[in-house]
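For reference, the chains in residue letters:
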Amino acid sequence: MNYPDLINKTIAFVKEKLNDAEGGHDWFHIERVYKNALLIAKSTDCDLVVVQLGALLHDIADSKFHNGDETIGPRTARLFLESENVSSAIIQHVVNIIENISYKGGNFEKKFSSIELDIVQDADRLDAIGAIGVARAFNYGGFKDLSLYNPNINPNLMMNKEEYKNNKGTTINHFYEKLLLLKDKMNTQLGKEIALERHKFMELFLSQFYAEWEGYR
């Protein structure tokens, strides 16, 4: 199989599928995750083709935008890869990555493990924190018509998977319910190092946010 050709076809497929996607889950999100994954993969012994396909297809049909249907993403990826005559072993590995990559409230127990999943998951989580993570959080909050912040609504740190999926809290609360927790949930050494840098930026942002909220100079 011509793997460079497969990667190029996958990129074209993802661009077309996500042409009208919400700004935080569009092609550019995929591209950033792809670049993060390639960076992390350089420092590990992994199947680079699986990493590339997993990164490119991990959000091909995010359940958040398909009425909570968690089967549509893996199914879409499988059908595409089958149409390209990819081996069943690679297809199943990529599907396993898609099915196990999401945060899901932090209480989700992965049913599959591999270094390739670790790499793609770290790459995806890195795009959820730091400056881009802040921008994506408020972009999605606006998309869902959430309040920026309400000091009378406390973060819910004990949500189960269903509560997390249906959470209607504030965007600032999302930092405490997910974003600030990701630093300690990274899998790879390089992922952990990059996450620490981005975590510090979010802490600085929140400090400035609260100061401005209270009218401090």
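Here's a quick rundown of the structure. (Residues numbered from 1 in each chain as written. Predicted model: local features only at pLDDT ≥ 70, side-chain atom pairs only at ≥ 80, totals over all residues. Heavy atoms only, no water.)

As for the packing of helix α1 (residues 3-17) against helix α3 (residues 48-57)
Axis separation between α1 and α3 bottoms out at 10 Å; the angle between their running directions is 10°. Comparing the axis directions of α1 and α3 gives the class roughly parallel. Of the residues in α3, those touching α1 at Tyr-3, Leu-6, Ile-7, Thr-10, Ile-11, Phe-13 and Val-14 are Val-49, Gln-52, Leu-53, Leu-56 and Leu-57. Here the contact of α1 with α3 is built from residues that sort into 10 nonpolar, 2 polar and no charged. (Axes fitted to C-alpha atoms, helices over the stretch in contact; angles between N-to-C directions. Helix = DSSP H or I, 4+ residues; strand = E, 2+ residues; numbered from the N terminus. Parallel < 35°, antiparallel > 145°, perpendicular 65-115°, else oblique. Contact = heavy atoms within 4.5 Å. Nonpolar A, V, L, I, M, F, W, Y, C, P; charged D, E, K, R; others polar.)

Structural notes on helix α6 (residues 115-126)
Over its 12 residues, α6 runs 16 Å from end to end, which matches the ideal 16 Å to within 8%, given 1.5 Å per residue. Judged by how many residues are buried, α6 sits mostly within the fold: 11 of 12 residues are covered. Taken together, the buried positions of α6 are Glu-116, Leu-117, Asp-118, Ile-119, Val-120, Gln-121, Asp-122, Ala-123, Asp-124, Arg-125 and Leu-126. Buried residues belonging to α6 abut α2 (27-41), α3, α5 (88-100) and α10 (189-213). (Expected span 1.5 Å × (residues − 1). Buried < 20%, exposed > 50% of the residue type's maximum accessible area, 1.4 Å probe, protein only.)

Examining the packing of aromatic side chains
A full pass over the atoms with the stated rule returns 11 aromatic pairs. Note on Phe-13 and Phe-80: the rings are 4.3 Å apart at their centroids and 10° apart in plane angle, and the pair reads as stacked. Here Phe-13 is found in helix α1, whereas its partner Phe-80 is found in helix α4 (residues 72-83), with 67 residues between them in sequence. Here the two residues Phe-13 and Phe-80 agree in accessibility, since each one is buried. Relative to Phe-175, the ring of Phe-138 lies with its centre 6.1 Å away and its plane at 50°, an arrangement referred to as tilted. Remark: Phe-175 occurs in helix α9 (residues 171-177) and Phe-138 occurs in helix α7 (residues 130-143); sequence separation between them is 37 residues. Judged by relative accessible area, Phe-175 falls into the buried class, the value being 0%. Taken together, Phe-138, Tyr-149, Phe-175, Phe-205, Phe-209, Tyr-210 and Trp-213 form an aromatic cluster joined through their ring pairs. (Phe/Tyr/Trp six-rings, centres within 6.5 Å; stacked < 30°, edge-to-face > 60°.)

Details of the packing of α4 against α5
Their axes nearest at 9 Å, the elements α4 and α5 cross at an angle of 160°. Looking at the two axes, α4 sits roughly antiparallel to α5. For the pair α4 and α5, the crossing hand works out as right-handed. Residue-level contacts link Gly-73, Pro-74, Ala-77, Arg-78, Leu-81 and Glu-82 of α4 to Ile-91, Gln-92, Val-94, Val-95, Ile-98 and Glu-99 of α5. For the contact of α4 with α5, a count of residues per class yields 7 nonpolar, 2 polar and 3 charged. (Left-handed = near helix turned anticlockwise from the far one by under 90°.)

Describing the pattern of salt bridges
Taken as a whole and assessed by the stated rule, the structure comprises 5 salt bridges. For Arg-136, the salt bridge goes to Asp-127, with nearest N and O atoms at 3.5 Å. Here Arg-136 and Asp-127 have matching classes, each one buried. Measuring nitrogen to oxygen at the nearest pair gives 3.0 Å for the salt bridge that ties Lys-183 to Asp-184. (Salt bridge = Lys/Arg side-chain N within 4 Å of Asp/Glu carboxyl O.)

Focus on the side chain of Asn-36
Inspection of the secondary structure assignment puts Asn-36 in helix α2. Discounting residues that sit within four places of it in the chain, Asn-36 has contacts with Ala-123, Leu-126, Asp-127 and Arg-198.

Focus on the environment of Leu-126
In this fold, Leu-126 is placed in helix α6. For the pair Leu-126 and Leu-179, spaced 53 residues apart in sequence, the C-alpha separation works out to 9.7 Å.

Considerations on α1
Over its 15 residues, α1 runs 21 Å from end to end, which matches the ideal 21 Å to within 8%, given 1.5 Å per residue. By the burial criterion, the buried members of α1 are Leu-6, Ile-7, Thr-10, Ile-11, Phe-13 and Val-14. One face of α1 carries all of its buried residues, which in axial projection span an arc of 165°. The exposed residues of α1 that point more than 90 degrees off its buried face are Pro-4 and Glu-16. (Arc of directions from axis to C-beta.)

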